[in-house]
Amino acid sequence: MVDFIKHSQSEEDYLESILLIAETNPVVHRIDVARKMNVSQAAVNKAVKVLIEKGYIEEDGKHLVLTPLGKSCANEIFQKHCIIRDFLISLGVSKQTAEEDACRMEHLVSDETFQKMKEKV
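Keep in mind that this is a model prediction, so the values were computed, not measured.

S.K.: Looking at this model, I keep getting lost on the pairing of strand β2 (residues 63-66). Mind explaining?
M.R.: Side chains Leu-64 and Leu-66 project from β2 onto a buried face, and the interleaved His-63 and Val-65 project onto a face without burial. Alignment of strand β1 (residues 57-60) against β2, held across four bridges, turns out to be antiparallel. The residue bridging Asp-60 from the neighbouring strand is His-63, located in β2. The loop that links β1 with its antiparallel partner β2 comprises two residues; one of these, Gly-61, has a positive phi angle of about 70°.

S.K.: Teacher, can you tell me more about the environment of Gly-92 here?
M.R.: Along the chain, Gly-92 turns up in the loop between α4 (68-90) and α5 (95-105). Taking C-alpha positions, Gly-92 is 20 Å from Val-109, a pair spaced 17 residues apart along the chain.

S.K.: Explain the pattern of salt bridges here, please?
M.R.: Note on pairing: side chains with opposite charge can pair once their charged atoms come close. In the structure shown here, the tally under the stated rule is six salt bridges. As a salt-bridge pair, Glu-59 and Arg-30 come within 2.8 Å of each other at their nearest N and O atoms. On the criterion of sequence distance, the pair formed by Glu-59 in strand β1 and Arg-30 in helix α2 (residues 30-37) is long-range, its members being 29 residues apart. The partly exposed category is assigned to Glu-59, whose relative accessible area is 36%. For Arg-30, a relative accessible area of 21% corresponds to the partly exposed category. Between Arg-85 and Asp-86 there is a salt bridge, with the nearest N and O atoms lying 3.1 Å from each other. Judged by relative accessible area, which is 29%, Asp-86 ranks as partly exposed. Beyond isolated ion pairs, a larger network of salt bridges with shared partners links Arg-85, Asp-86 and Glu-99.

S.K.: What is the right way to read the side chain of Asp-32 from this model?
M.R.: Mapped onto the elements, Asp-32 comes out in helix α2. For the buried residue Asp-32, which engages in no salt bridge, the nearest side chain bearing the opposite charge is Arg-35, 4.5 Å off. Excluding residues within four positions of it along the chain, Asp-32 makes contact with Ile-21 and Val-27.

S.K.: What is the right way to read the packing of aromatic side chains from this model?
M.R.: Aromatic ring pairs: the centre-centre distance and the angle between the two ring planes describe each pair. In total, this model carries zero aromatic pairs according to the counting rule given. The ring of Phe-114 is capped by Lys-80, whose NZ or CZ atom sits 5.4 Å from the centre of that ring.

S.K.: I tried to follow the nonpolar core on my own but got confused; where do I start?
M.R.: Note on soluble globular proteins: their nonpolar side chains tend to be buried together. Ranked by internal contacts, the top residues of the largest apolar core, which has 19 residues, are Leu-15, Ile-18, Val-33, Ile-57, Leu-64 and Leu-66. Breaking this core down by element, the ones donating at least two residues are α1 (9-24), α2, α3 (41-53), β2 and α4. Examining the composition of this core, we find that five residues originate from one element, α1, more than from any other. Sequence-distant contacts of Val-33, defined by excluding residues within four places in its chain, comprise Tyr-14, Ile-18, Ile-21, Val-28, Val-44 and Leu-64. In this structure, Ile-83, Ala-98, Phe-114 and Met-117 belong to the second largest nonpolar core, which totals nine residues.

Reading the values: the criteria
- Residues numbered from 1 in each chain as written.
- Predicted model: local features only at pLDDT ≥ 70, side-chain atom pairs only at ≥ 80, totals over all residues.
- Heavy atoms only, no water.
- Buried < 20%, exposed > 50% of the residue type's maximum accessible area, 1.4 Å probe, protein only.
- Helix = DSSP H or I, 4+ residues; strand = E, 2+ residues; numbered from the N terminus.
- Pairing = 2+ DSSP bridges.
- Salt bridge = Lys/Arg side-chain N within 4 Å of Asp/Glu carboxyl O.
- Lys, Arg positive; Asp, Glu negative; His and termini not counted.
- Contact = heavy atoms within 4.5 Å.
- Phe/Tyr/Trp six-rings, centres within 6.5 Å; stacked < 30°, edge-to-face > 60°.
- Lys NZ or Arg CZ within 6 Å of the ring centre and 35° of its normal.
- Core = buried A, V, L, I, M, F, W, Y, C linked by side-chain atoms within 4.5 Å.

The following block contains the structure:
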C-alpha cells in the first residue's frame, strides 16, 4: 500500500475520477470532473485546491494532472474498488448493486478485510 496523507472519502473520489477520465481523454479539465461526479464546478475548484496543497495533483494550464503520489493513491483506490466489486459479484450481488456498494465500501473497509476479499477474488 502507498503511504499517503490521510484524506477524505471526497478526496479519494476526486482522485479516482481524475484517474478514470485521464484513461480515456488526453487531458482532464475541471468541467470533466464535475460532469463525471455530478457536482458543481465550485465543488471541483475547492477539491482541486486541497488536492494541489496535498501534492496529489498539479495544474498544467487548465489541465489537471495527477502527480506520481496522486496517481499511486488513485490506482490503489481504484484497485480496492474493483476487488470489492468483483468480490460482491462473486457472492451473487448484481453488477449494478456491486458497483454502487463498492463505491461506498472502498473508503471504509479495513486493510485486513480488504486483503481477505482480495484473496477470495
